[in-house]
Amino acid sequence: VVEQPDAAETEGVKPAGGDDAEADDAVLAGDLLRVVPYPEWDYLINLARPQWCTVQEKRPEADDPALIHEILHRHRDLLQRIDALIRGSELRKPIRLKRQMEGDRFDLDQVVNAMIDVRTHRTPDPRFHIRVDRRERDLSVLVLLDLSESTNDIVKASHTKVLHLAREATVLLASAMEKIGDRFAIHGFCSNGRHEVQYYRYKDFGGPFDDHVMARLAGMRGQLSTRMGGALRHATNWLRHRAADKKLILLITDGEPHDIDVHDPKYLLFDAKKAVEEASRGGIYTYCMSLDPKADDYVSRIFGQRNYTVIDHISRLPEKLPGLYLRLTR
């Protein structure tokens, strides 16, 4: 199924098997769910090449969800600290309500108007208080994981693959988001040239963080390359038509954009930068957590000076990511 990038990517869309976990599980792992062409920015000619990059949504492999339950059990102390941080944080949006009968303080403008009414022998409006109320969070977050071959590298400090640490951090973050009540999705990507940007949906918006999702996360694999721009555009389309006050793509990657058919190191970097700018124009905030200690230069060029964090000690990622998320979305 080939779709244009502007095709309906609304909240209720159910592409090639549906947005429902059980319906998608009927599709064999690795099978195509749909194919979507996207433009790609060429900085040398200062133009976007139309339909230059093809994103292939594929069904992720599943494994034993007990692996994810073991992660939650092993980090139960950290989860308790995160829970305490959530309960102690003011996570709901403050709203100033004027013209209230009772409230936290006086609205000086209304007080002045009431005094004028009294002196002119008119009945004053008694609603001269301001009350600060808090509205429930209205947030949609898409966690986008780099699943390239380099994530199979071993982190010496923990003797664990980069991919496994990223998965642990994502599981802990998902647990925190589920507890807060934020709407979130977990997707991942890798690439094998411009015609094959593989895109995996581990959890979609609206579905629970249950054993179906955990089985997919348990089957996560690192392979191929990192064509970041196409994956960011596809993630942007998943968020574009969602009704939310704030929309966030949280990208977790261990390196700069690269692919087998690109030899100019600047080409995919500038394309990813353009994809971030396109998301921003659509009201979607993009933030990068890089696991490459040398990433500051290229990550700042793609995402901007304030829109990234570099984790120097990758083994600390599971404890760092949930706290960063709370700061980002407070």
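Refer to the structure above for everything that follows.
Residues numbered from 1 in each chain as written. Predicted model: local features only at pLDDT ≥ 70, side-chain atom pairs only at ≥ 80, totals over all residues. Heavy atoms only, no water.

### Details of the sheet that holds strand 13 (residues 308-310)
- Spatial strand order, 1-2-10-9-6-11-12-13: eight strands in an open sheet with mixed pairing. Where the open sheet ends on each side, the last strands, each with one partner, are strand 1 (32-42) and strand 13. On average, each strand axis in the sheet is inclined to that of its neighbour by 25°, with strand direction left out of account.
- Two elements, strand 1 and strand 2 (residues 47-58), share nine bridges in a ladder whose sense is antiparallel. Each bridged residue has a counterpart across the sheet, and for Glu40 the counterpart in strand 2 is Arg49.
- Most of the contacts of helix 10 (residues 317-329) go to strand 11 (residues 246-253), to which it runs at about 160°, and overall it touches strand 6 (139-146), strand 11, strand 12 (284-290) and strand 13. (Pairing = 2+ DSSP bridges. Helix = DSSP H or I, 4+ residues; strand = E, 2+ residues; numbered from the N terminus. Axes fitted to C-alpha atoms, helices over the stretch in contact; angles between N-to-C directions. Contact = heavy atoms within 4.5 Å.)

### Concerning the side chain of Glu57
- Here Glu57 shows up in strand 2.
- On the accessibility criterion, Glu57 (0% relative accessible area) is buried.
- Here Arg201 takes part through its side chain, which lies 3.0 Å from a polar atom of the side chain of Glu57. (Buried < 20%, exposed > 50% of the residue type's maximum accessible area, 1.4 Å probe, protein only. Polar contact = N/O pair within 3.5 Å; in protein donor to acceptor, adjacent residues only side chain to side chain.)

### Let's talk about the packing of helix 7 (residues 228-240) against helix 8 (residues 265-281)
- In the contact formed by helix 7 and helix 8, the axes pass within 8 Å of each other and the chain directions differ by 15°. With respect to helix 8, the axis of helix 7 lies roughly parallel. Between helix 7 and helix 8 the crossing geometry is left-handed. Where helix 7 approaches helix 8, its residues Met228, Gly229, Gly230, Leu232, Arg233 and Thr236 are matched on the opposing element by Asp271, Ala272, Lys274, Ala275, Val276, Glu278 and Ala279.
- In terms of residue class, the contact of helix 7 with helix 8 is made up of six nonpolar, three polar and four charged. (Parallel < 35°, antiparallel > 145°, perpendicular 65-115°, else oblique. Left-handed = near helix turned anticlockwise from the far one by under 90°. Nonpolar A, V, L, I, M, F, W, Y, C, P; charged D, E, K, R; others polar.)

### Description of unusual backbone geometry
- Phi angles above zero are rare outside glycine, and Asn46 is one such case at about 60°.
- Residue placement: Asn46 occurs in the loop between strand 1 and strand 2.
- The phi angle at His121 is positive, at roughly 65°, despite the residue not being glycine.
- Counting through the fold element by element, His121 comes out in the loop between helix 4 (108-119) and strand 5 (129-135).

### Quick notes on the pattern of salt bridges
- Under the counting rule described, the total for this entry stands at 20 salt bridges.
- Close ionic contact of Arg74 with Glu70 constitutes a salt bridge, the shortest N to O distance being 2.9 Å. Note that Arg74 and Glu70 are positioned in helix 2 (residues 66-74) at a spacing of four residues, about one turn of the helix.
- With relative accessibility at 40%, the residue Arg74 sits in the partly exposed group.
- Put simply, Arg201 and Asp204 hold a salt bridge, and the shortest N to O gap is 2.6 Å. Here Arg201 matches Asp204 in class, with each residue buried.
- Connected through shared salt-bridge partners, Arg34, Glu57, Arg201 and Asp204 make up one network. (Salt bridge = Lys/Arg side-chain N within 4 Å of Asp/Glu carboxyl O.)

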